[in-house]
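# Structure at a glance
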Amino acid sequence: MFLLLYLGGIVVSDVPTYFQHRDDRDYRSLGASGGVASVLFASILLFPVNTHGGGIIIFPILVPIQPFLFGLLYLAYSYYMGRRRADNVNHDAHFYGALFGVLVIIALVPGVLPGFFQQVTAYRF
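Owing to the predicted nature of the structure, the values given are computational and were not obtained by experimental measurement.

With that settled, the discussion passes to the nonpolar core. Counting residues in hydrophobic clusters, the biggest one holds 18 residues, and the most contacted among them are Phe41, Leu45, Phe68, Tyr74 and Phe116. Within the residue set of this core, elements represented by two or more residues are α2 (33-46), α3 (67-84), α4 (91-108) and α5 (112-122).

In this section: the pattern of salt bridges. Under the definition given, this model contains one salt bridge. Linking Asp92 and Arg83 is a salt bridge whose minimum nitrogen-to-oxygen distance equals 3.1 Å. With a relative accessible area of 7%, Asp92 lands in the buried category.

Let's shift gears to a nonpolar patch on the surface. A surface patch of nonpolar side chains, about 470 Å² in accessible area, is lined by Val11, Val12, Val15, Tyr18 and Phe19. Take Val12: it is sitting in helix α1 (residues 2-21). On the basis of relative accessible area, Val12 is assigned to the partly exposed category, the value being 35%.

Moving on: the side chain of Ser78. Looking at the secondary structure, you find Ser78 in helix α3. Residue class for Ser78 comes out buried when judged on its relative accessible area of 1%. For Ser78, the contacting residues outside a window of four places in its chain are His91, His94 and Phe95.

Within α5, burial applies to Val112, Phe116 and Val120. In a view along the axis of α5, the buried residues occupy a sector of 60°, so they form one face of it. Exposed side chains of α5 directed beyond 90 degrees from the buried face belong to Pro114, Gln118 and Thr121. Elements in contact with the buried residues of α5: α2, α3 and α4.

What counts as what
- Residues numbered from 1 in each chain as written.
- Predicted model: local features only at pLDDT ≥ 70, side-chain atom pairs only at ≥ 80, totals over all residues.
- Heavy atoms only, no water.
- Core = buried A, V, L, I, M, F, W, Y, C linked by side-chain atoms within 4.5 Å.
- Buried < 20%, exposed > 50% of the residue type's maximum accessible area, 1.4 Å probe, protein only.
- Helix = DSSP H or I, 4+ residues; strand = E, 2+ residues; numbered from the N terminus.
- Salt bridge = Lys/Arg side-chain N within 4 Å of Asp/Glu carboxyl O.
- Patch = residues over 30% accessible without salt bridge, like charges linked within 9 Å, V, L, I, M, F, W, Y side chains within 5 Å.
- Areas by Shrake-Rupley, 256 points an atom, 1.4 Å probe, with all protein chains shown as cover.
- Contact = heavy atoms within 4.5 Å.
- Arc of directions from axis to C-beta.

Structure follows, in structure tokens:
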């Protein structure tokens, strides 16, 4: 399952970028971040709440946040930066890799969505 998520995420996340820039000779994008996003978001769907205290800590934000909140913020940031196109990072690959990971884990793990929503709605801030 890991290889499907990782390698599939790399390939699938670059397809939209390829079609968008196929005639742009100066555009180059290479990386595995779409695969990483795929694995990360599959794990967020499986484990949306850290019940052992804390959460995800991201530098420079030193306050732990729950995985499902991190996922929402990450998707919003990737979408925003992908539209902005202000740096040399393929933010669209992050977004589409995350989407691929979510769809694959939904297809392969029965009941993952009800489990996700049950954990998130039971979480007390």
